[in-house]
Amino acid sequence: MINSDGTNVRRRARVDYNQCGIGLAAEILGDKWILLILREALFNVIRFEDLRQDLQIPKSVLSKRLTLLVDNNIMEKRPYRELNTRVRYSYHLTKKGRGLFKAFLALMEWGNEFMLDKQAKYIFIDKHTNLPIKLGLIDTSGQQVPQKAVSMIMTKRI
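The rules behind the values
Residues numbered from 1 in each chain as written. Predicted model: local features only at pLDDT ≥ 70, side-chain atom pairs only at ≥ 80, totals over all residues. Heavy atoms only, no water. Helix = DSSP H or I, 4+ residues; strand = E, 2+ residues; numbered from the N terminus. Rg over C-alpha atoms; globule rule 2.2 N^0.38 Å. Buried < 20%, exposed > 50% of the residue type's maximum accessible area, 1.4 Å probe, protein only.

Draft legend 1. Broad picture of the overall build of the chain. Tallying secondary structure elements over the chain gives 6 helices and 2 strands in all. Taken from the N to the C terminus, the helices and strands of the chain come in the order α-α-α-α-β-β-α-α. Over its C-alpha atoms the chain spans a radius of gyration of 21 Å, topping by over 25% the 15 Å that the globule rule assigns to 158 residues. Within the chain, buried positions represent 22% of all 158 residues.

Draft legend 2. Region of the structure containing unusual backbone geometry. Although it is not a glycine, Gln56 adopts a positive phi angle of roughly 55 degrees. If you trace the backbone, Gln56 turns up in the loop between helix H3 (48-55) and helix H4 (59-71). A positive phi is found at Asn130, a non-glycine position, where the angle reads about 65 degrees. Within the secondary structure, Asn130 is located in the segment after helix H6 (101-115). Assessed through its relative accessible area of 54%, Asn130 is described here as exposed.

Draft legend 3. Main features of the environment of Asp31. Along the chain, the position of Asp31 falls in the loop between helix H1 (21-29) and helix H2 (32-42). Taking the relative accessible area as the measure of exposure, Asp31 reaches 23% and is therefore partly exposed. A C-alpha to C-alpha distance of 9.2 Å links Asp31 and Arg65, two positions 34 residues apart in sequence.

Interpretation in functional terms is not warranted from these geometric data alone.
Given below as structure tokens:
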């Protein structure tokens, strides 16, 4: 891009992607199958075969993605055995995995609005009031902040 005075202007992100929460999260979560496996886990679909059938995902792909999630402490692998069967495994969200709930709620809100034309198949509600919930930007005093009032500052030198 060229400035009005003819000088070249190069715009760059303020932080390298490998030192940014979004960039680091994308290293693990930036795959369609990972996102869909985690979505299933949020719906409490936790057994390998149930995941495979729901997602129509090849076994080898599912196995590799579950290993990645377990290795990164997003899911944990637990053995179970049904009567007269061999040991099998279920995959449960860890605290780190459950921490993705707000990110998934944000993705769902975006998908409902822009991909489903606001025709959502399901919504999340407050179980005490039955009112729909949505994400908001809240400052540390608990006040809602409009998106256009948000700015980014550097917290330390990198």
